[in-house]
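# Summary of structural features
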Amino acid sequence: MDEETRLNWDLITTPPGTEWSGRTRYAAATFFYLRGEMSAEVLEVYRICSRIDAEDPLDVLRRWQIGREWIERMRNPC
C-alpha cells in the first residue's frame, strides 16, 4: 500500500464519535471512490453520515444491505 492510500485508509477507519470523524471518513471515501475502489452508493452512505460523527457508515451499509464488497474490504484491507 502506498503512502497516500495508507493515509486515506487510516482516515476512513477513524472511529465514530470523534469530532469531525464523519467528514474525515467522507473525504477518505471520496479518495477510494475516485480510484474506482468504492461504488457510488457506498460513497453516498459516507456522504449522508458525514455530518453525524457518531454514525458508523459500515453499520448503515449493513442495515441497508448494500456495499458487501466494501464491508469485506474493511475487514481485510490488503
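Residues numbered from 1 in each chain as written. Predicted model: local features only at pLDDT ≥ 70, side-chain atom pairs only at ≥ 80, totals over all residues. Heavy atoms only, no water.

### Side note on the packing of aromatic side chains
On inspection of all chains with the given rule, the structure shows four aromatic pairs. Residues Phe 32 and Trp 70 carry aromatic rings whose centres are separated by 5.5 Å and whose planes lie at 55° to one another, so their mutual orientation is tilted. In this pair, Phe 32 is assigned in helix H2 (residues 21–34) and Trp 70 in helix H5 (residues 68–75), connecting sequence segments 38 residues apart. In textbook terms, an aromatic cluster arises when at least three aromatic residues are bridged by ring pairs, as seen for Trp 9, Phe 31, Phe 32 and Trp 70. (Phe/Tyr/Trp six-rings, centres within 6.5 Å; stacked < 30°, edge-to-face > 60°. Helix = DSSP H or I, 4+ residues; strand = E, 2+ residues; numbered from the N terminus.)

### Thoughts on the pattern of salt bridges
Scanning the entire structure with this criterion turns up seven salt bridges. Where Asp 10 meets Arg 6, a salt bridge forms, and the shortest distance between an N and an O atom there is 3.4 Å. Note that Asp 10 and Arg 6 are positioned in helix H1 (residues 3–12) at a spacing of four residues, about one turn of the helix. Between Arg 62 and Asp 59 there is a salt bridge; the shortest N-O distance is 3.1 Å. Linking Arg 62 with Asp 59, this pair stays in helix H4 (residues 57–64), spanning three residues, or about one helical turn. (Salt bridge = Lys/Arg side-chain N within 4 Å of Asp/Glu carboxyl O.)

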